[in-house]
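Observations on the three-dimensional arrangement
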Amino acid sequence: MKDIVIIGGGPSGMAAAVRLAEKGYDVAIIERKEELGGILDQCIHDGFGTKIFGVALSGPEFAGEFIEQVQKLGIDVYLKTYVKSVEASGKVKEIITVSPDGVEIIKTKSIVYAIGCRERHQFEIKIGGTRPAGVYTAGMVQRLVNLYGILPGKNVVIVGGGDVGMIVARHLYLEGVDSILVVFPEEFFAGLPRNVQQCILDFGIPYRPRTVVKEIVGKDRVEGVILVQVDEKWNPISGTEEFYPCDAVILSVGLVPYTKKLTDIGAEIDPRTKGPIVNEFFETTVRGVFAAGNLVQIFDYVDDAVESAYLAAEGVEKYLRGEERLERPIFINPGENVRTLTPHRVEWKDERPITAFMRPAIEGKAWIIVRNERGEILEKSFRRYVRPSTLERIEISRDILENAEEVFIDVRGL
Amino acid sequence: MGLKFKIEKVLKKFPYNISFEIRDNIVFLYGEVESYQDWVEIGLAVGKIKGVEGVVNKIKWKGYPEEKIRKREERRRKLYEENKDKIIGEYDVVIIGGGVIGTIIARELSKYKLKIALLEKGSDVSLGASKANNGMIHPGVAPPKNTLKRKLNVKGNAMYDRLCEELGVRFKRVGSLWLITPRTLQKYRKYLPGPLYKFVSAYVFPYIVKLKGIRNGVKGIKVIRGKKIFEYEPKATRDAWAALYVPSTGILDPYELVVALAENAQANGVEIHLNTEVVGFIKKEDKVKGVVTTKGTFLTRYVVNAAGVYADEIAELAGAREYTIHPRKGVILLFDKALKDWVRHCVTELRFPAPKHSKGGGINPSIHGNILWGPTAVEIPDKDDTSVHREEIYEVLERYKNILPEFPTNKLIRYFAGVRAPTFTEAFIIRPAKWVRNFLHVAGIQSPGLASAPAIAEYAIEQLKKMGLKLEPNPNFNPRREPIPTINEMSLEELNAKIKEDPRWGNIICPCEMVSEMEIVEAIKRGAKTLDAIKRRTRAGMGTCQGSYCTLKIAEILSRELGVPLSEIVKENNGKLFDGTVRGEKL
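Quick summary incoming for the structure in this document. Source: prediction; values computed, not measured.

Of the residues lining the interface, 52 residues belong to chain B; the matching set on chain A comes to 52 residues. For the chain B and chain A pair, buried surface summed over both sides reaches about 4,500 Å², with 57% attributable to carbon and sulfur atoms. Here chain B and chain A share 1 salt bridge between them. Between B:Glu391 and A:Lys214 there is a salt bridge; the shortest N-O distance is 4.0 Å. Here chain B and chain A share 19 residue pairs in polar contact (both at pLDDT 80 or more) between them. Going through the elements one at a time, helix H10 (390–400), strand S23 (412–420), helix H12 (492–501), helix H15 (551–562), strand S28 (570–572) and strand S29 (575–576) of chain B are the ones with two or more residues in the side of chain B that touches chain A. In terms of residues, the side of chain B that touches chain A owes the most to one element, S23(B), which gives 6 residues. Among the residues forming the side of chain B that touches chain A, the class breakdown is 24 nonpolar, 16 polar and 12 charged.

Right, here's the structure in full:
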């Protein structure tokens, strides 16, 4: 029996595996693809690892650092292996896998799910019109261009002003498509300012804020889109519809934790993050089952996803050592101006402060406040600039939680 | 003449100058109207007249796409000239249309010693209404009595168990549950004061519906009330007063059925020609001698017109125009499998009288565990218009929200539209053409066309027999077709054994639906040549992520198995999956 099985061999999964293997635990990684690295193999742009390694690496380089350590530590890796089902309720957990080698049952004391996220598609944002060839998600395009050497089309419309959309826009520009237009409903790009400069402005790529694709036009292949302007609440302004010819539509409209495998085992989901409900060491509501990386919530940087994996690794250790839990969990709830918040509860006895990741709902100078249900401020920290596109990492002292049943986190603008 | 007078009387109701002629009880309408809607209304009004066997509506509406139609005809003429002398072969029967009707007739005819060709203009079978309906096998309560529709529906429904068993198609009789709520008889509320309204709704109306079902020949209908309703359907709206339970309603995957029918027909000798569009006919006197297509000419003794929305145009090309199809679009929403426990039966809320243009529809489970909402019913001028507008999505969500008030509609993963092929008489037209002796119409097959299909095939063959087709049993006919093994449904032992046979059974390509490489390879071996054809045969790409993970992998397998470059891989028909520059492939 394994001490830990990690499902998913991307950066978070590898990080958790390496951390635990270093401490001498018997670890295995299950990965559905042919090799480790997760989504990073298609991210050939740089900017990975600035926090962890202090240098900007490309995706494959960043993954390479971890792959090397996985190999050095001799961690068991099951490649091309699909997790069919998991029995996770007991102390001994059983994972049924399917691979070209056959069906296998792997027994383990604990599990870390690190299966990442998926891209939202055209139907989730209710784009109307026809359903022809030529509509892709940004990740699919990244793969197509970087790994297969194929361009999706010649005249492309990119939907979404987030980081992935901007990076794909630059990439297609450099690969020589004839025209690009980026549209998004916000007043300005939602992604990181660094990407706006380096991907869009530096290349003069055209974009239209407060604009969305209302319909896709074309029978067998995309022939164009109907663009429409939207107001501050993203409601379409009638009469502003415009046909815009193009042969490809690329959607970069958000990432969603891929939680199907977690709900299968009964883990509870947070409707805000759309990831699992976790405690301060990223344990899900199923005992001994942990989650890490973008499966828990969408992180801005792979470095943060890796940090979540390290926290999960600590949780696994605590679980395996049978460390003491609090009598009752203390709930950490999103308060004013908070879009998402992880973790959701504190369950372990520990000394160290709690690391939380919070996405604010407002932009500007702000205080981040930890308060109790009566409104008494327990702790606060100042931020010179918060914005929804930037995930805030906060630390909450343990001692302030004593006697509390729940605390709230607010963002108060100045 | 009685008919002439009746038509004049009906046309007087419309503020237009409409002229008409009658030929063998077929009415031809001419004139000009303001709107497409009027065009539909006039056609329907004339179609309702007793004694009218078909309406050919040649009226033009404002915005009539004259230029488009002229171009289409020109193109057909050109292709006709190019292909009429290219003889492909001689056949006993040529079937036009690869939907459920065409393929089921082909399969039924393959029981006899006949040389049969089925012609389909698309890149796969089942591309029209057959792929875009909710897969419901209606029980037969709805069609009016004394109609062919009623007879074939009830009979066809009963034939499904055996048909699906033979073809290895998943089929389940889940039953219907029709809710009667305070909204059911809303229109009559003012005539039924106080408690009378509830009494009539809950205690009288259900029995009227039940009686209609019994008279139509539908068995097992039950009226239920109170808590019992929620034993049947735990999440149904709490304000339901009563419900009708109809056990014979079934569900299946319509394209799974059509693919199975086509495969079985093919195994029994039917030639299936895809990407083969009919552009005209070679005629001698009042008989068709050859069917001219974009691939060449099929000489034939009999023609079956099962061309769905295009049946009227095909009939016209053959000189057998007896009806006009007025396309009616239906939008369906599809929800994630995660919600599979939300509904057990095909559920709807009865409304009497039915609101205009929203006939039928409701919420039902799919055979694979998704939930479907819809369809709508909208008259549209363009037969190929399967677009779904955002307003239509909201309309469906609004219309059925009363049935399951708590349903998590944010788990919507896809929407699509199909175009029904009604004629103005709104009847199934299954009869020999009046003016072309060897041409059989199987037209106007709209809901409950899928449910009726097995009976339609038998009925159509009776007609062909009457037309002189000799039916000698085919001693080699094999009714059975083996489905592609589905690893998702195998036990661990079975799956392990399969993987030992070939490791590709263990290589998962589509994680959402757990589809292996070998299932995809098997679909390609059986004739799938496009991404969507694979999707329909294996479900790869039909899950939560809608193919954003597996599309490229499937394209790669298609490219390898078909021996064509990745850049040539097609989604459906002529739609290339990728349309940009390819590095290294064609330098």
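Glancing now at the packing of helix H13 (residues 517–525) of chain B against H15(B). All names here are of chain B. In contact at an axis separation of 10 Å, H13 and H15 are set at 45 degrees when each is read in the N-to-C sense. As far as their axial angle goes, H15 and H13 are oblique. You can see that H13 and H15 cross each other, and the crossing is right-handed. In contact with Glu517, Ile520, Val521 and Ile524 of H13, H15 contributes Ile554, Ile557, Leu558, Arg560, Glu561 and Leu562. Tallied by class, the residues present in the contact of H13 with H15 amount to 7 nonpolar, no polar and 3 charged.

Once that is clear, we can look at the packing of helix H5 (residues 148–167) of chain B against helix H8 (residues 254–267) of chain B. Residue and element names in this part refer to chain B. With their axes 10 Å apart at the nearest point, H5 and H8 run at an angle of 65 degrees to one another. By crossing handedness, the relation of H5 to H8 is classed as left-handed. Together, Tyr160, Leu163 and Leu167 of H5 and Leu257, Ala260, Leu261 and Asn264 of H8 make up the contact between the two elements.

Below, the discussion takes up the pattern of salt bridges. Tallied over the entire structure, the rule returns 84 salt bridges over all chains. Measuring nitrogen to oxygen at the nearest pair gives 2.7 Å for the salt bridge that ties B:Asp312 to B:Lys383. Of this pair, B:Asp312 sits in helix H9 (residues 311–317) while B:Lys383 is found in the loop between strand S22 (378–379) and H10, placing the two residues 71 residues apart along the sequence. What makes B:Lys383 buried here is its relative accessible area of 11%. Through salt bridges with shared partners, a single ionic network connects A:Lys23, A:Glu314, A:Glu317, A:Lys318, A:Arg321, A:Glu323, A:Asp350 and A:Arg352.

All right, on to empty space enclosed by the protein then. For the coordinates displayed, the defined rule picks out 4 cavities of 30 Å³ or more. Considered as a void within the structure, the largest cavity measures approximately 380 Å³ in volume. For the largest cavity, the lining is made up of 28 residues, of which A:Gln122, A:Val135, B:Gln546, B:Thr551 and B:Lys571 are closest to its centre. Looking at the lining of the largest cavity, the elements that each hand over two or more residues are strand S11 (135–137) of chain A together with helix H14 (531–538) and H15 of chain B.

The subject of this paragraph is the pairing of strand S15 (residues 278–284) of chain B. Residues and elements named next belong to chain B. Bridge analysis of S15 against strand S16 (residues 287–293) gives 6 bridges, and the strand direction is antiparallel. The partner of Phe281 across the bridge, within S16, is Val291. Taking the residues between adjacent antiparallel strands as the criterion, S15 and S16 are bridged by 2 residues, where Glu285 takes a positive phi near 50 degrees.

Moving on, we come to the nonpolar core. Soluble, globular proteins show a tendency: their nonpolar side chains are buried together. Formed by 65 residues in total, the largest nonpolar core has its most connected members in A:Ile158, A:Leu172, A:Ile180, A:Val182, A:Ile250, B:Ile520 and B:Phe578. When residues no more than four places from it in sequence are discounted, the contact partners of A:Leu172 are A:Val141, A:Val145, A:Leu151, A:Pro152, A:Val156, A:Ile158, A:Val177, A:Ile180 and A:Ile250. The next biggest cluster of nonpolar side chains, apart from the first, holds 62 residues, and it includes A:Val296, A:Phe299, A:Val306 and A:Phe357.

Cut-offs used in this document
- Residues numbered from 1 in each chain as written.
- Chains lettered and ligands numbered in written order.
- Predicted model: local features only at pLDDT ≥ 70, side-chain atom pairs only at ≥ 80, totals over all residues.
- Heavy atoms only, no water.
- Contact = heavy atoms within 4.5 Å.
- Buried area = accessible area lost by both parts, 1.4 Å probe.
- Salt bridge = Lys/Arg side-chain N within 4 Å of Asp/Glu carboxyl O.
- Polar contact = N/O pair within 3.5 Å; in protein donor to acceptor, adjacent residues only side chain to side chain.
- Helix = DSSP H or I, 4+ residues; strand = E, 2+ residues; numbered from the N terminus.
- Nonpolar A, V, L, I, M, F, W, Y, C, P; charged D, E, K, R; others polar.
- Axes fitted to C-alpha atoms, helices over the stretch in contact; angles between N-to-C directions.
- Parallel < 35°, antiparallel > 145°, perpendicular 65-115°, else oblique.
- Left-handed = near helix turned anticlockwise from the far one by under 90°.
- Buried < 20%, exposed > 50% of the residue type's maximum accessible area, 1.4 Å probe, protein only.
- 1 Å grid on protein atoms, 1.4 Å probe; cavity = no way out; pocket = protein on both sides within 12 Å on 5 of 7 lines; lining within 4 Å.
- Points joined across faces, edges and corners; volume = space filled by probe spheres on them.
- Pairing = 2+ DSSP bridges.
- Core = buried A, V, L, I, M, F, W, Y, C linked by side-chain atoms within 4.5 Å.

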